[in-house]
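# Coordinates in review
Below are the chains, spelled out letter by letter.
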Amino acid sequence: MSASVPQAGSNTVTTAIPARLDRLPWSRWHWTVVIGLGTVWILDGLEVTVVGNIAGRLSEEGSGLPISSAQVTGIAAALYVAGACSGALFFGRLTDLFGRKKLFMVTLAVYLGATALTSVSFHSWWFFGFRFLTGFGIGGEYAAINSAIDELIPSHYRGRVDLIINGSFWLGAIGGSLLSIVALNTDLFAINVGWRLTFALGVVLGLVILLVRRNVPESPRWLLIHGKEEEAERLVSSVEEQVAEEYEEHTGRRELPRPAGEITIRQRESIGFGTIARTVFSQYRRRAVLGFSLFIGQAFLYNAITFGFGAILTTFFDVSTSDTGYYFAVIAAGNFLGPLLLGKLFDTVGRRVMISSTYLLSGLLLFGTAWLFDRGSLSATTLTACWCVVLFFASAGASSAYLTVSEVFPMETRAMAIAFFYAIGTAAGGISGPLLFAKLTESGVVADTVLAFQIGAALMCAAGLVAAALAIRAERRSLEDIARPLTATTTTTTAMAQGTAFRYGS
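All values reported here derive from a predicted model rather than from experimental measurement. (Residues numbered from 1 in each chain as written. Predicted model: local features only at pLDDT ≥ 70, side-chain atom pairs only at ≥ 80, totals over all residues. Heavy atoms only, no water.)

This part is about the packing of aromatic side chains. By the definition in use, this model includes 32 aromatic pairs. With 5.8 Å between their ring centres and 70 degrees between their planes, Trp125 and Trp126 make a pair best called edge-to-face. Here the aromatic rings of Phe281 and Phe420 are separated by 5.4 Å at their centres, their planes lie at 75 degrees, and the arrangement is edge-to-face. Of this pair, Phe281 sits in helix H12 (residues 273–283) while Phe420 sits in helix H17 (residues 414–442), and the two are 139 residues apart along the sequence. Overall, the relative accessible area of 38% leaves Phe281 in the partly exposed class. Ring pairing ties together the aromatic residues Phe281, Tyr284, Phe292, Phe409, Phe420 and Phe421, which thus form one cluster. (Phe/Tyr/Trp six-rings, centres within 6.5 Å; stacked < 30°, edge-to-face > 60°. Helix = DSSP H or I, 4+ residues; strand = E, 2+ residues; numbered from the N terminus. Buried < 20%, exposed > 50% of the residue type's maximum accessible area, 1.4 Å probe, protein only.)

Encoded structure:
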C-alpha cells in the first residue's frame, strides 16, 4: 500500500492519498456519500418551493399570519437568500478551519431548528426571522457539502455526480409542489394548519438525513493538510478495503487501478484570509471572474423565477393558489432531468463546451419565452412548457457553477471560495431578483414581467460568453492538478495504463 510518509524533522508529508481516492471504481461507499450529503438539496428545494406555493394561502384571512403574498415572495424570500449568503460565509470559513464533517453536521442542525420554529410562526416578524435562519443553515450546507463531495468522489465521476446532486434540489421542488397541493386543501386541513405541516415535514426529512450523514467520513484531503495524516491513512485504507471487496464480488479480481502519483504537502493548521484573498483574486483572477459570472447569471434567473412563478400564474392566468403546485411540479421535473441527462457530458465532452452552451441556450430560450408572453401567445400550460425547456438547460448550467468554484481553486480555500462566490453572486441576483420580481409581477402589467424575463435571460447569456472564454478544462482531472494546493511542495505523476493495477494490501 502507498502510505503517507512524513519527512524527517518537519511537518511535511509525501502521500498518494488524493490519487488513491481518484482511482477508485464506483462503489456502495460512494453511494453512502452521495445519499448522506447530496440529499440536503432536496430539503432546499422543498423549502423554496413550499414558500412560493403557499404565498397566496398565507395572505388569506384566517391563515394565522398578518402577511401579504408580496411579502412572502419578496421580503421573506430575500431574507431567506440573505441568510443563505451569510451562512455560507460564516460556515465556509469554519469548514476550512475545522473540517467538512463537523460543519455539515452543525449546518443541518441549524436548518432543522429554524424550520421547526418557522412552522409555529404566529406573526410576520417571527416568520421573517426564522426564514433568515433557515437560509443561514442551508447556506452553510452549500460550502461544507460541495467541499466534501468533490474531495471524496473520484475524478472520473466528479462532474456528473456534482451536477446531479445539485440538481436534486428539484426533486425537493417536486415534493414541495405536490405537498402544497395536499396541505392547502381546506377539506383536509384548516387554513391555519396545512402550511405549518409543510415545514414540519422538512424537519422530519432533515432528521432522516442527519442519521444517514453520521456515516459519512471527514475528507482525507483536509485531514492531510491539517496534520492528521495517520487518520487519513486509516480512513482511505478502510475505504479501499471495502471497495476492493465489492470489486472482487463483481469482477472476480481484487486489484484496483494504480494511483497516478504522489504529492508532498507542508502541513498547516489554518490559512489566513489574506492568503485566501491573494490566491483567489490575484493568482486565479480569471477563474474568479468566471465564478462571479456564473453565479450572478443563474442566481438572478432562478431566484426570481422560483419565488415568482406562483404569483405569475395567479396574476396573469387566474390559476387557483391550490393548483399552482401542479404547474411547478412540471418545471421542477424538467429542472432535474437537465443535470441527470446532461451531467455525463460535463465529464466527456468537457466543462467549457457544456457550461457555455447550457447558459447560452437557456438565455436565448428565455428571450423567446418573453417575446411570446409579451404577444399574449401563452397560456398557463404553454408558459409552463416553455419554462420547462428553458430550465432543462439552465439547471445543468446552474449546477455547473457550484462544480466550477469547488474545483478550480486550491483545496485550502475550497469551502471559503464556494461560500464567497455563492454569497456575492446570490446576493446580487438572489436578493434583488425576488424583490424586483415580486414588484413587477404584483403590478399585473405584462411589460413589467417581460422586462424581468429579459434581464434574467441577458445575464445568463453574458455568463455563457464568459464561460466560453474562461472555463477550465477540469474534466477527469484530479483536484490537485486543476489547482495546486497552497501547502504542496512537489507533485509527481505516473502514467497509468488502462490495465495497470494496485492490489489492496500490496
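Looking now at the side chain of Thr369. With respect to the helices and strands, Thr369 occurs in helix H15 (residues 351–375). Relative accessible area serves as the criterion here: at 3%, Thr369 is assigned to the buried category.

One non-glycine residue with positive phi stands out, namely Asp318, at about 55 degrees. By secondary structure assignment, the location of Asp318 is in the loop between helix H13 (285–317) and helix H14 (324–348). Take Asp318: its relative accessible area is 70%, and that puts it in the exposed class. Positive phi, normally seen in glycine, also occurs at Arg476, with a value near 60 degrees. Within the element layout of this structure, Arg476 appears in the loop between helix H18 (446–470) and helix H19 (479–482).

Looking now at helix H11 (residues 229–251). Residues spaced three or four apart along an α-helix face the same direction, because each turn holds 3.6 residues. Look at H11: 31 Å from first C-alpha to last across 23 residues, which is about the 33 Å you get at 1.5 Å a residue. Residues of H11 that are buried include every one of Glu229, Ala232, Glu233, Leu235, Val236, Ser237, Val239, Glu240, Val243, Ala244, Glu246 and Tyr247, and no others. Positive backbone phi, approximately 80 degrees, marks Gly252, located one or two places after H11. (Expected span 1.5 Å × (residues − 1).)

A few words now on the packing of helix H2 (residues 28–38) against helix H9 (residues 194–213). Relative to each other, H2 and H9 sit at 145 degrees, their axes nearing to 8 Å. By crossing handedness, the relation of H2 to H9 is classed as left-handed. For the pair H2 and H9, the contacting residues are Ile35, Gly36 and Leu37 in the first and Ile209, Val212 and Arg213 in the second. (Axes fitted to C-alpha atoms, helices over the stretch in contact; angles between N-to-C directions. Left-handed = near helix turned anticlockwise from the far one by under 90°. Contact = heavy atoms within 4.5 Å.)

Take the pattern of salt bridges next. A pair can form between side chains of opposite charge whenever their charged atoms are brought close. Using the criterion set out here, one finds 16 salt bridges in the structure. Ionic pairing is found between Glu246 and Arg28, a salt bridge with its closest N-O pair at 3.9 Å. Remark: Arg28 occurs in helix H2 and Glu246 occurs in helix H11; sequence separation between them is 218 residues. Here Asp347 ties to Arg351 by a salt bridge, and the two come within 3.1 Å at their closest N and O atoms. Overall, the relative accessible area of 1% leaves Asp347 in the buried class. Beyond isolated ion pairs, a larger network of salt bridges with shared partners links Arg158, Arg160, Asp347, Arg351 and Glu407. (Salt bridge = Lys/Arg side-chain N within 4 Å of Asp/Glu carboxyl O.)

The quantities given are spatial measurements derived from coordinates; they are silent on function.
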